[in-house]
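# Overview (structure and organization)
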Amino acid sequence: MIVAIQQPEHLPWIGFFNKMIQCDLFVYLDNVQFKRRYFENRNRVKTSDGIKWLTVPVSSKGKFHQKIRDVLIDNWKPWKKKYKGLLELAYKKSSFWDDIKDIVFPCIEQEHSKLIDLNLSLIEKCKEYLQIETTTVLASSLEVDEFKGSDIILQICIKTHGATYISGPDGTDYLNHEDFNEEGVKVKYHDFNHPDYPQMHGQFTSHMSIIDLIANCGPESLKILQECYRVSH
């Protein structure tokens, strides 16, 4: 069993889905602290006016230690019109604008109180469009909340019978490889080589939301994802 673990980001970048196609089980790490001004409630899109943030407002004042699974969307703010307007500004003239609308708009128009529910609905819609069949599970369902850092990653692997864990490059800074070796879990690193692809609005810019790839490449997106990765030991 090959396991990968990642926070359920908002319309994640293509590396997120690239990692997903390399594993048997993809675990949404929803039981760790929410990071403000990160990618859990926003992501980048490319417009004719430059790079813009597609953002969902959240209730975070005074909630510095809340976990991702507990974050509430600030629906008192009329954010949906601005959100959809920015998406149109970025991709309405793209070849696959109708595909973008079919993925994003139903999720946005649905009433969600929690950010994670919105994020997961968008991720699953993208996953379905890309024809990725990897099984997914929430970390919060695995009873590992008492652990942190390297320990929570290892416990997730143990709980899911993972023989191999695909880590992001930051894992070199905090994973305790001795503990993984003792439990018979092999650690590999996601060495992602970001591809160039046909893109609107001038010179190519990497690390956009997956929506940018889909808007520009449509059904070819999965092929591009499959051709641009390698996993290092």
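Structure report, in brief.

When you go through the protein chain residue by residue, the secondary structure sums to 9 helices and 10 strands. Against the globule reference of 17 Å for 233 residues, the protein chain gives a C-alpha radius of gyration of 18 Å, in line with a compact fold. C-alpha extents for the protein chain along the principal axes are approximately 55 × 45 × 25 Å. Looking at the protein chain as a whole, 51% of its 233 residues are labelled buried.

Counting 73 residues, the largest nonpolar core has Phe17, Val104 and Ile211 as the members making the most contacts within it. Among all residues touching Val104, those that are not within four sequence positions of it are Leu11, Tyr83, Leu87, Leu122 and Ile211.

So, about the packing of aromatic side chains. Evaluation of the coordinates by the stated rule reveals 10 aromatic pairs. Measuring from ring centre to ring centre gives 5.7 Å for Phe26 and Tyr28, while their planes differ by 70 degrees; the resulting arrangement is edge-to-face. Per residue, the accessibility class of Phe26 equals that of Tyr28, and both read buried. Aromatic side chains Phe39 and Trp53 sit 5.6 Å apart centroid to centroid with 45 degrees between the ring planes, which places their arrangement in the tilted category. Remark: Trp53 occurs in strand E4 (residues 50–55) and Phe39 occurs in the loop between strand E2 (25–28) and strand E3 (42–47); sequence separation between them is 14 residues. According to the relative accessible area criterion, Phe39 is partly exposed, its value standing at 25%. In this structure an aromatic cluster arises from ring pairing among Phe16, Phe17, Phe26 and Tyr28. When the ring centre of Trp53 is taken as reference, the NZ or CZ atom of Arg42 above it lies at 3.7 Å.

A few words now on the pairing of E3. Most of E3 sits inside the fold, with 5 of its 6 residues counted as buried. In the sheet, E3 pairs with E4 via 6 bridges, with the strands oriented antiparallel. Paired with Val45 across the bridge in E4 is Lys52.

End to end, helix H4 (residues 115–129) covers 21 Å across 15 residues, agreeing with the expected 21 Å (1.5 Å per residue, within 8%). Residues of H4 that are buried: Leu115, Ile116, Leu118, Asn119, Leu120, Ser121, Leu122, Ile123, Cys126 and Lys127. One or two steps after H4, the chain reaches Gln131, where phi turns positive at roughly 60 degrees.

Let us look at the state of the cysteines. Here the structure, examined in full by the defined rule, presents 0 disulfides. Cys157 supplies the cysteine sulfur nearest to Cys23, a cysteine that is in no disulfide, at a spacing of 11 Å. The thiol sulfur of Cys126 is not disulfide-bonded, and the nearest other cysteine sulfur, from Cys107, lies at 8.0 Å.

Moving on, we come to the pattern of salt bridges. The tally for this structure, following the rule as stated, stands at 6 salt bridges. Lys84 serves as the salt-bridge partner of Glu109, at 3.3 Å between the closest nitrogen and oxygen. Of this pair, Glu109 sits in helix H3 (residues 97–109) while Lys84 sits in helix H2 (residues 79–91), and the two are 25 residues apart along the sequence. Taking the relative accessible area as the measure of exposure, Glu109 reaches 46% and is therefore partly exposed.

On to the side chain of Thr134, then. The topology assignment puts Thr134 in the loop between H4 and strand E7 (135–138). Within the structure, the side chain of Thr134 is placed 2.8 Å from the backbone oxygen of Met20, a separation counted as a polar contact.

Inspection of the secondary structure assignment puts Gln22 in the loop between helix H1 (14–20) and E2. Residues Gln22 and Leu175 lie 153 residues apart in sequence; the distance between their C-alpha atoms is 20 Å.

Let us look at the packing of H2 against H3. Packing of H2 against H3 leaves a shortest axis separation of 11 Å and a crossing angle of 170 degrees. As summarised for this structure, H2 and H3 are arranged roughly antiparallel, according to the angle between their axes. Together, Trp79, Lys80, Tyr83, Lys84, Leu87, Glu88 and Tyr91 of H2 and Trp97, Ile100, Val104, Phe105, Ile108 and Glu109 of H3 make up the contact between the two elements. Residues of the contact of H2 with H3, tallied by class, amount to 9 nonpolar, no polar and 4 charged.

Conventions used here
Residues numbered from 1 in each chain as written. Predicted model: local features only at pLDDT ≥ 70, side-chain atom pairs only at ≥ 80, totals over all residues. Heavy atoms only, no water. Helix = DSSP H or I, 4+ residues; strand = E, 2+ residues; numbered from the N terminus. Rg over C-alpha atoms; globule rule 2.2 N^0.38 Å. Buried < 20%, exposed > 50% of the residue type's maximum accessible area, 1.4 Å probe, protein only. Core = buried A, V, L, I, M, F, W, Y, C linked by side-chain atoms within 4.5 Å. Contact = heavy atoms within 4.5 Å. Phe/Tyr/Trp six-rings, centres within 6.5 Å; stacked < 30°, edge-to-face > 60°. Lys NZ or Arg CZ within 6 Å of the ring centre and 35° of its normal. Pairing = 2+ DSSP bridges. Expected span 1.5 Å × (residues − 1). Disulfide = S-S within 2.5 Å. Salt bridge = Lys/Arg side-chain N within 4 Å of Asp/Glu carboxyl O. Polar contact = N/O pair within 3.5 Å; in protein donor to acceptor, adjacent residues only side chain to side chain. Axes fitted to C-alpha atoms, helices over the stretch in contact; angles between N-to-C directions. Parallel < 35°, antiparallel > 145°, perpendicular 65-115°, else oblique. Nonpolar A, V, L, I, M, F, W, Y, C, P; charged D, E, K, R; others polar.

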